Amino acid sequence: MNPDLSIAETEKEIIEEFALFDSWDDKYEYIIDLGKKLPVLDPKYKKDENRVRGCQSSVWLVADYEKGKLYYYADSDAVIVKGLISMLIRVLSGKTPDEIIEAKLDFIKEIGMTTHLAQTRSNGLLNMVKQMKHYALAYKIKDSVPSKN
Amino acid sequence: MNVSLTIPKPLDIAAIRQEFPILKREVKGRPLIYLDNAATSQKPRQVIEALVHYYSNQNANIHRGIHSLAEEATAAYELSRDTVQSFIGARSREEIIFTKGTTESINLVAYAWGRKNITAGDEIIISTMEHHSNIVPWQLLCEEKNASLKIIPVSDAGELLMDEYEKMLGPKTRLVSIVHVSNALGTVNPVRKITALAHAAGALVMVDGAQSAVHLDIDVQDMDCDFFAFSAHKLYGPTGVGVLYGRKEILESMPPFQGGGEMIREVHFEKTTFNDLPYKFEAGTPNIGDVIAFRSAIEFIRSTGKEKIRRHEQNLLEYAQQELSKIPGLTIIGQAKEKVSVVSFILAGTHPQDIGILLDNRGIAVRTGHHCAQPLMDRFCIPGTARASFAVYNTLHEIDELVKGLQRAVKILA
């Protein structure tokens, strides 16, 4: 992720990268490559409370909140889902809760990956996008409540 | 001695493929290779045309109408019942109940027969290789009635452990509900033997024929089962139609499943009397158009020849198992001696979902996941499999393409 780029700018960057591929095989090869490169999630986080359920594959997602920005860490047992996660992390990680809540994430459609969001029963990706936004919402609410200290 | 051997002419698969309009389409820029037939088969032109014909010429509500359209539609609907009766060898047409599908057929038995006949302490036997549709209705029934569910285990090859089954049978056994052919493994279960043993123990037998009816010759009298359920859509027919066969005397002793139109004789607020079989179990306006088109699907199978179809599919199965086994790291799950044309497999170090997505990129449709048989996946300690299942229109060339697709997938995923 590039902290200097906005969500929309990173999305645009990804769309441009995908425009270079002319076959589905190439697109998926790239996504698989991203999946393989996704930093390994510490096994201690791979517990049920962090699990975003899908029918076929599972996703584990955790978030850190530092200085008003969210940082996501995730893993999946399926590598294509991992590649898609990797792109979502690239777009959303390091952004403020408001930016994340507002994010349209149109790039998923632009690069032809909407099927992965539609198949709610097949994988946890759609649930993961929701979960990423839930984290953002939760930290936004937490910040808006005056601290007791 | 002059012996003349007549070798039956093999099927002209190219001509058969012409009868399935969907096989002409492309997926992701490549010709569709449809290997998900155990989920649902594609429909031949004559089935599609039967639907169009019905809605263009005969559409009317059946049984009660006095006008010509209603009479024609009723006759066509009832002709489907006769066709199904002879297709599965039932004694009488009253034994054929049209439902939404196999799932509804099983639920019908669980509710109407089960709630009347199952009491606390009774036992129902199913197996590890059941589809969720033949697990959950019995779990619900057992919970409600304080009865218990016994599970026949399966071997590593994916066959029922018959010795264990025999030990389970006893005076408390009321019902054995067993899958004829496993959707996830392709195993053909010895239903005649299972039925004979159950009957000897005084239990009834329900056979889930969702996967078998399209491949095997079905004769419910020979099988001697008490209930048999299957779906039209896995048999080249339309979705939304299923069949429940039930032995007449048992169906007659059962209370209705749902109340409504069609299933009544007279309704008074003091007392309602029910219609005769099979209408007692067909409440409301049935799926008339699809039931009528279902007959065309059975006619397609008959005119093509079930034996010839089976031989072709067995060739595909043998070739697929032989070729897939050559892929390093590939393990076929389900190696029963008797199998239909279903190959379930896992590839070391890969998730079935990734395999499915990459095959789809090449226009190849397979199923991945637990195949609605999670207990079976648990038995083999796997999250799921990729499954290729073949129908009459599949070819050896398509299996070659599957193998190529898998080889490429392995290369990318490794």
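Residues numbered from 1 in each chain as written. Chains lettered and ligands numbered in written order. Predicted model: local features only at pLDDT ≥ 70, side-chain atom pairs only at ≥ 80, totals over all residues.

Chemist: Please clarify how the overall build of chain B should be interpreted in this entry.
Modeler: Scanning chain B from terminus to terminus reveals 14 helices and 17 strands. For chain B, the C-alpha radius of gyration of 22 Å lies close to 22 Å, the compact-globule estimate for 414 residues. For chain B, the spread of C-alpha atoms along the three principal axes comes to 70 × 60 × 55 Å. The buried share of chain B, reckoned over its 414 residues, is 48%. Counted over contacts in chain B with a minimum sequence separation of 6, partners at least 24 positions apart contribute 70%. (Helix = DSSP H or I, 4+ residues; strand = E, 2+ residues; numbered from the N terminus. Rg over C-alpha atoms; globule rule 2.2 N^0.38 Å. Buried ≥ 20, exposed ≤ 12 C-beta atoms within 10 Å, placed from the backbone. Contact = placed C-beta atoms within 7 Å.)

Chemist: I keep staring at the overall build of chain A and nothing clicks. Help me out?
Modeler: Per the secondary structure count, chain A includes 7 helices and 3 strands. Reading the secondary structure of chain A in the N-to-C direction produces α-α-β-β-β-α-α-α-α-α. Burial analysis of chain A (149 residues in total) assigns 34% to the buried set. A fraction of 66% describes how many contacts in chain A between residues 6 or more apart in sequence connect residues 24 or more apart.

Chemist: How should I be thinking about the interface of chain B and chain A in this particular structure?
Modeler: How big an interface is tends to be stated in terms of accessible area lost as the parts join. Contact residues are listed per partner, giving 12 residues for chain B and 14 residues for chain A. For the side of chain B that touches chain A, the secondary-structure elements that each account for two or more residues are α12 (352-360), β16 (367-369) and α14 (396-413) of chain B. Partitioning the side of chain B that touches chain A into residue classes produces 4 nonpolar, 6 polar and 2 charged. (Nonpolar A, V, L, I, M, F, W, Y, C, P; charged D, E, K, R; others polar.)

Chemist: In this structure, what is going on with the pairing of strand β4 (residues 96-99) of chain B? I would like to understand it.
Modeler: A regular strand places its side chains on the two faces of the sheet in alternate fashion. Residues and elements named next belong to chain B. Burial along β4 is two-sided: the face carrying Ile96 and Phe98 and the face carrying Ile97 and Thr99 are both buried. Relative to strand β10 (residues 242-246), β4 is paired through 4 bridges, and the arrangement is antiparallel. Opposite Phe98, over in β10, you have Val243 as the bridge partner. (Pairing = 2+ DSSP bridges.)

Chemist: Mind showing me how you'd approach the sheet that holds strand β6 (residues 148-152) of chain B here?
Modeler: The strands that make up a sheet are held in pairs by hydrogen bonds between backbone atoms, and each pair lies either parallel or antiparallel. All names here are of chain B. Ordered in space as β4-β10-β9-β8-β7-β5-β6, the 7 strands form an open sheet in which the pairing is mixed. Here the strands that pair on one side only, and so sit at the sheet edges, are β4 and β6. The average undirected angle you get between the axes of adjacent strands in this sheet is 20 degrees. Of the pairings in the sheet, the one linking strand β8 (residues 204-208) to strand β9 (residues 227-231) comprises 3 bridges and is parallel in character. Bridging from a neighbouring strand, Asp208 pairs with Ala229 of β9. (Axes fitted to C-alpha atoms, helices over the stretch in contact; angles between N-to-C directions.)

Chemist: Looking at this structure, I do not really get unusual backbone geometry. What am I missing?
Modeler: Phi is mostly negative for residues that are not glycine, and the peptide bonds are mostly trans. In this model, Leu277(B) is joined to Pro278(B) through a cis peptide bond whose omega is -5 degrees. Backbone geometry at Leu105(A) places phi at a positive 55 degrees, although glycine is not the residue there. Secondary-structure assignment places Leu105(A) in the loop between α4 (97-102) and α5 (107-110). Notably, Asp224(B) is not glycine yet its phi reads approximately 70 degrees, a positive angle. Relative to the assigned elements, Asp224(B) resides in the loop between α8 (220-223) and β9. For Asp224(B), a count of 16 C-beta atoms within 10 Å corresponds to the partly exposed category.

Chemist: Would you explain the sheet that holds strand β3 (residues 69-76) of chain A in this entry?
Modeler: Residues and elements named next belong to chain A. Judged by pairing direction, the sheet is antiparallel, and its 3 strands sit side by side in the order β1-β2-β3 without closing on themselves. This sheet does not close on itself; its edge strands, each paired only once, are β1 (51-52) and β3. When β1 meets strand β2 (residues 59-66), the two strands line up antiparallel, connected through 2 bridges. Paired with Val52 across the bridge in β2 is Val59.

Chemist: Is there a simple way to think about the confidence of the model for chain B in this case?
Modeler: Fine structural detail should not be taken from predicted coordinates in areas where pLDDT scores are low. Within chain B, residue pLDDT values average 95, and 98% of them lie at 70 or more. Scored as a complex, the prediction yields pTM 0.92 and ipTM 0.86. (pLDDT = per-residue confidence, 0-100.)

Chemist: I'm lost on the packing of helix α2 (residues 45-58) of chain B against helix α10 (residues 288-304) of chain B in this one. Help?
Modeler: The axes of two packed helices give the description: the angle between them and the distance between them. All names here are of chain B. Look at α2 against α10: their axes get within 8 Å of each other, and the N-to-C directions meet at 150 degrees. By the angle between their directions, the pair α2 and α10 is classed as roughly antiparallel. As α2 packs across α10, the resulting crossing turns out to be right-handed. Taking contact as the criterion, the partners of Gln46, Val47, Ala50, Leu51, Tyr54 and Tyr55 in α2 are, on α10, Gly289, Ile292, Ala293, Ser296, Ala297 and Phe300. Classifying every residue of the contact of α2 with α10 by side-chain character gives 9 nonpolar, 3 polar and no charged. (Parallel < 35°, antiparallel > 145°, perpendicular 65-115°, else oblique. Left-handed = near helix turned anticlockwise from the far one by under 90°.)

Chemist: Can you walk me through the domain arrangement of chain B in this structure?
Modeler: All names here are of chain B. Along its sequence, chain B is carved into domain 1 (13-39 + 305-413) and domain 2 (48-302). Measuring from the centre of the C-alpha atoms in domain 1 to the corresponding centre in domain 2 gives 28 Å. Taken together, the 24 residues of domain 1 in the interface contact 22 residues of domain 2. In terms of residue count, the dominant contributor to the side of domain 1 that touches domain 2 is helix α11 (residues 306-324) (4 residues). Within the side of domain 1 that touches domain 2, the residues separate by chemical class into 11 nonpolar, 6 polar and 7 charged. (Domains from an automatic or database assignment.)

Chemist: I keep staring at the environment of Ile301(B) and nothing clicks. Help me out?
Modeler: Take Ile301(B): it is sitting in helix α10. In contact with Ile301(B), other than residues within four places in its own chain, are Leu235(B), Tyr236(B), Lys306(B) and Ile309(B).

Chemist: Could you clarify how one ought to interpret helix α3 (residues 68-88) of chain B in this entry?
Modeler: In an α-helix, one turn spans 3.6 residues; hence positions three or four apart end up facing the same way. All names here are of chain B. Between its first and last C-alpha atoms α3 spans 31 Å; for 21 residues at 1.5 Å apiece the expected length is 30 Å, and the two agree. Ala73, Ala76, Tyr77, Ser80, Arg81, Val84, Phe87 and Ile88 are the residues of α3 that are buried. Looking straight down α3, one finds that the buried residues subtend no more than 145 degrees of arc, so they occupy a single side. What points out from α3, more than 90 degrees from its buried face, is the exposed set Ser68, Ala75, Asp82 and Ser86. Looking at the buried side of α3, the elements it contacts are α2, β4, α8, β9, β10 and α10. (Expected span 1.5 Å × (residues − 1). Arc of directions from axis to C-beta.)

Chemist: Quick question: what am I supposed to make of the packing of α12(B) against α14(B) here?
Modeler: Residue and element names in this part refer to chain B. Where α12 meets α14, the closest approach of the two axes is 9 Å, and the angle between their N-to-C directions is 120 degrees. The angle between α12 and α14 falls in the class oblique. Handedness of the α12/α14 crossing: right-handed. In this structure, α12 contributes Asp354, Ile355, Leu358 and Leu359 to the contact, and α14 contributes Gly405, Ala409, Ile412 and Leu413. Split into classes, the residues belonging to the contact of α12 with α14 amount to 6 nonpolar, 1 polar and 1 charged.

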